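Coordinate analysis (summary)
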Amino acid sequence: MSKPVVLIAEELSPATVEALGPDFEIRHVDGADRAALLPAIADVDAILVRSATKVDAEALAAAKKLKVVARAGVGLDNVDVKAATQAGVMVVNAPTSNIVSAAELAVALLLACARNIAPASNALKAGQWKRSKYSGVELTDKTVGIVGLGRIGLLVAQRLSAFGVKLVAYDPYVQPARAAQLGIRMLPLDDLLAESDFITVHLPKTPDTIGLIGEEALRKVKPSVRIVNAARGGIVDEHALYVALKEGRVAGAGLDVYATEPCTDSPLFEFESVVVTPHLGASTDEAQEKAGIAVARSVRLALAGELVPDAVNVQGGSIAEAVRPGIALAENLGRIAGSLATAPLEAVEVEVLGEVASNDVKILELSALKGVFSVLVTDPVSYVNAPVLAGERGVTVSLTTSTESASWRNTVRVHLSLTDGQTVVVGGTVTGPRNIQRLIEIDGFDIDVPVSEHVAFLRYTDRPGVVGNAGRLLGEADINIGGMQVSRDEAGGQALIALTVDSAIPADVLARIAAEVGAVSARSVDLEL
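A brief structural summary. (Residues numbered from 1 in each chain as written. Predicted model: local features only at pLDDT ≥ 70, side-chain atom pairs only at ≥ 80, totals over all residues. Heavy atoms only, no water.)

This brings us to helix α17 (residues 507-517). Given 3.6 residues per turn, any residue in an α-helix points the same way as the ones three and four places further on. Every buried residue belonging to α17 is among Val509, Leu510, Ile513, Ala514 and Val517, and all of these are buried. On an axial view of α17, the arc spanned by its buried residues comes to 135°, and they lie on one face. Those residues of α17 that are buried are in contact with β19 (454-461), α16 (466-476) and β22 (521-526). In the stretch just after α17, Gly518 is the one whose phi turns positive, near 65°. (Buried < 20%, exposed > 50% of the residue type's maximum accessible area, 1.4 Å probe, protein only. Helix = DSSP H or I, 4+ residues; strand = E, 2+ residues; numbered from the N terminus. Arc of directions from axis to C-beta. Contact = heavy atoms within 4.5 Å.)

Turning to the packing of α16 against α17, a few remarks are in order. Between α16 and α17, the shortest axis-to-axis distance is 10 Å and the interhelical angle comes to 155°. If you check the angle between α16 and α17, you find them roughly antiparallel. For the element pair α16 and α17, the recorded crossing hand is right-handed. Judged by residue contacts, Val466, Asn469, Ala470, Arg472, Leu473 and Leu474 of α16 engage Val509, Arg512, Ile513, Glu516 and Val517 from α17. The class makeup of the residues in the contact of α16 with α17 is seven nonpolar, one polar and three charged. (Axes fitted to C-alpha atoms, helices over the stretch in contact; angles between N-to-C directions. Parallel < 35°, antiparallel > 145°, perpendicular 65-115°, else oblique. Left-handed = near helix turned anticlockwise from the far one by under 90°. Nonpolar A, V, L, I, M, F, W, Y, C, P; charged D, E, K, R; others polar.)

A few words on empty space enclosed by the protein. Scanning all chains against the criterion turns up one cavity of 30 Å³ or more. Here the largest cavity is characterised by a volume of approximately 40 Å³. For the largest cavity, the full set of lining residues is Leu149, Leu154, Val174, Arg178, Leu182, Glu392 and Arg393. A class-by-class count of the residues in the lining of the largest cavity yields four nonpolar, no polar and three charged. (1 Å grid on protein atoms, 1.4 Å probe; cavity = no way out; pocket = protein on both sides within 12 Å on 5 of 7 lines; lining within 4 Å. Points joined across faces, edges and corners; volume = space filled by probe spheres on them.)

With respect to the helices and strands, Ser121 occurs in helix α6 (residues 117-125). Separated by 13 residues in sequence, Ser121 and Tyr134 place their C-alpha atoms 9.9 Å apart.

Let us now look at the nonpolar core. Ile336, Leu345, Leu416 and Phe457 are the most contacted members of the largest nonpolar core, which totals 49 residues. Here Leu345 is in contact with Tyr173, Gln175, Val372, Phe373, Leu376, Val395, Leu416, Ser417, Leu418 and Thr419, once residues within four sequence places are set aside. With 32 residues, the next largest nonpolar core counts Ala103, Leu149, Leu154 and Val165 among its residues. (Core = buried A, V, L, I, M, F, W, Y, C linked by side-chain atoms within 4.5 Å.)

Turning to the pairing of strand β13 (residues 345-354), a few remarks are in order. In terms of residue burial, β13 counts as a mostly covered element, since eight of its 10 residues are buried. Here β13 pairs with strand β15 (residues 410-418) via nine bridges, running antiparallel. Paired with Glu351 across the strands is Arg413, a residue of β15. Here β13 pairs with strand β14 (residues 396-402) via seven bridges, running parallel. Bridge pairing in β14 places Val348 opposite Val397. (Pairing = 2+ DSSP bridges.)

Looking now at the pattern of salt bridges. Charged atoms that come close allow side chains of opposite charge to pair. Throughout the structure, instances matching the rule amount to 28 salt bridges. The salt bridge involving Asp197 is made with Lys222; its shortest N-O contact spans 3.0 Å. With Asp197 in the loop between α9 (189-195) and β9 (198-201) and Lys222 in the loop between α10 (215-218) and β10 (226-229), the pair connects residues that are 25 residues apart, well separated along the chain. Overall, Lys222 belongs to the partly exposed group, its relative accessible area being 27%. (Salt bridge = Lys/Arg side-chain N within 4 Å of Asp/Glu carboxyl O.)

A separate point is a nonpolar patch on the surface. Together, Val467, Met484 and Val486 make up an exposed nonpolar region whose accessible area comes to about 200 Å². By the element assignment, Val486 lies in strand β20 (residues 481-488). (Patch = residues over 30% accessible without salt bridge, like charges linked within 9 Å, V, L, I, M, F, W, Y side chains within 5 Å. Areas by Shrake-Rupley, 256 points an atom, 1.4 Å probe, with all protein chains shown as cover.)

Moving on: a negative patch on the surface. Side chains of Glu18, Glu104, Asp285, Glu286 and Glu289 sit close together on the surface and give a patch of like negative charge. Within the secondary structure, Glu18 is located in helix α1 (residues 14-20). (Lys, Arg positive; Asp, Glu negative; His and termini not counted. Charge placed at Lys NZ, Arg CZ, Asp CG, Glu CD.)

This is the structure:
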């Protein structure tokens, strides 16, 4: 009996092959060479890549036997996850392989800024001894503001605490009591900007975080502040940072990521006080070895038909057929619920109701939890680390089941309890032979709309004209409505509009709609279907 074939398309650590073991036929190809890749992928069971190999729809179509795409790293920009899902191909990555390396680089950039290491080194190598010009500042007793207190942000905090700094953080989804246990004081963003001597960014790149540290924010900082971004390009507005440096409103910066990459020419490069590196956050021998070993293990699990914790789309393992359609539903419900949360979490309860509850539905709890945290933290979230992320934040997680479901054959509900006493409840189901996902409840409002790639919710006081105004503003923004439903508790009472649209709603458009209709809240959610 022939062995499963694993194609290694880029240079990986020797430990990767060792972790695969002797049960596979190992082949190699230069994945960046398209002419070589397409025929090589035709009859393989799994392919291991880093960032240079594009596993797109064309490659997936050529791979007739492919079961797994494994990315030895975190990002999946070079893998068409949607096309892989449609083809039934599992995609796995190594979500925690680089967190230590990324945290250490952020600390390195911060120290380099504080002590002018880069310009002093360049001057000395050019034969110039300039001790007085490159005098720096100490970290001791300074305030370091951490924007985003996920796993990398926490690692940075732990390392910087040894320098005797005062740690403050902004993260709307972390409980202050939990942060206090770690010696970190939680602050609103404006207060953090005003108090910090150093600011280091550790947020995911989302519509809400792009440009977060921009013109307005940079007018609230101390002129002596030094800003580090080793998270994602675009969170710190590069033009606004340039202007602030030019005007003396910011003392220095350390950048590893950029809005457009590769970035080899930037106005920011003219400042000696700006230290730059070419996206080296994951570029350590240790991170690459961890990534290779992690995806090799995932490939072994996937090809053995077992549950793969680090899979980002199609799941394997011993999951009942009746349960499988609910996996993606539960994750999407979690993403929507997390997006609607306005305060840190205290508890997540997942309810599974109906016939499906007669099976083992633990995977639905994990899927919902994965969805919730995927929109709340900067860390990559998988089935294996979602419970860990909850535990680190003091969030309790529970699963309740019942074979009775009042209105639908099967129902999944995700219930979030927030620290301000508010709750978020999102319910859904799957229907028909094609297992169409449907939203059936938002915070007690009964609805029935299909789960779409782009959804939005408006809460407001019921009155005439709201639907027309919302539709008009979306039309003016060239955003097409796919579906809309209005639900209310009573005439003139509280009402909810649930929208599905054909393209993402920009934040400024959503804000205009909310202002015009007097919405109590307005949220848009982009899902990966």
